[in-house]
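Listed here are the chains, written in short residue letters.
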Amino acid sequence: MIKKKFFVLFIALFLCNASFAVTLNEQEQKFIDYQTNKTINNVKMYRAAIYKSLEVTPPQAIEIKKLDKQFYSQIRPIFVEDFHTLNRLSKLTNQKKPSKKLVNAEKKKLKSNSKILDEYKDDYEKELYQILTPAQKAKYLKLKNERLKEYKKTSLR
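**Q** So what about the packing of helix α2 (residues 58–93) against helix α3 (residues 100–131)? Which residues, and what values?
**A** It is the contact of α2 with α3, at a shortest axis distance of 10 Å, that shows an interaxial angle of 170 degrees. Overall, the two elements α2 and α3 adopt an arrangement that is roughly antiparallel.

**Q** Explain the environment of I40 to me, and be specific about the residues and the numbers.
**A** One can find I40 in helix α1 (residues 2–54). For I40, a relative accessible area of 2% corresponds to the buried category. Along the backbone, I40 and Y72 are 32 residues apart, and their C-alpha atoms lie at a distance of 7.3 Å. Excluding anything up to four places from it in sequence, I40 contacts Y72, I75, R76 and F79.

**Q** Before we move on, could you go through the confidence of the model for the protein and cite the residues and values that matter?
**A** When pLDDT is averaged across the protein, the result is 84; 83% of the residues are at 70 or more. The least confident element of the protein is α1, whose mean pLDDT is 71; the most confident is α3, at 94. Contacts of residues 5–10 to residues separated by more than four positions or lying in other chains number zero contacts, the stretch itself having pLDDT below 50. Scored below 50 in pLDDT, residues 15–22 shows zero contacts in the model against residues more than four places distant or in partner chains.

Definitions and cut-offs
- Residues numbered from 1 in each chain as written.
- Predicted model: local features only at pLDDT ≥ 70, side-chain atom pairs only at ≥ 80, totals over all residues.
- Heavy atoms only, no water.
- Axes fitted to C-alpha atoms, helices over the stretch in contact; angles between N-to-C directions.
- Helix = DSSP H or I, 4+ residues; strand = E, 2+ residues; numbered from the N terminus.
- Parallel < 35°, antiparallel > 145°, perpendicular 65-115°, else oblique.
- Buried < 20%, exposed > 50% of the residue type's maximum accessible area, 1.4 Å probe, protein only.
- Contact = heavy atoms within 4.5 Å.
- pLDDT = per-residue confidence, 0-100.

Quick look at the structure:
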C-alpha cells in the first residue's frame, strides 16, 4: 500500500514538473516571438522612414513591398534561431563552470547566422537598387552610411 502511494506521489510530482517545463518553454517561445517581432518591426519602421525620405513612387512602393515581404520571410527564422541561441548561451554562461566547447558552438552559430543575414541584406539591396532611380539610390546610400556612422558611435560607448 505504501509503495502504491509513493508511486502515485512520484507520478504526480513528475507530471507537475513536466507541466512546469512545458509552461516555461511556452513562455520562452512567447518571449522569443516577441523579440523577433519587435526586431522586425524596428527594421520595418526604419525602412519605412527611408522610403518616405526617398519619395518612392506608387509603382516603386508596390515593388518594394513585394521585396520587403520576401526579405522579412527570409530573416524571421534566422532571428528566431538567434534568440533561441542567445537564450541557450545565457543559460550556459550562468552556470558555475560553463562548457567552453558548448559556449563556442553557440557563438559560432550566431556568427554563421550573422553571415546569412548579411547575404540576405546584400541580395535585398541589389534588388532594391534596381527599383530605385539613380538619385534615390545615391540618397539611400548616403542615409545608410550616416546610419552606419551613428551605429558605430553608439556601439563604441
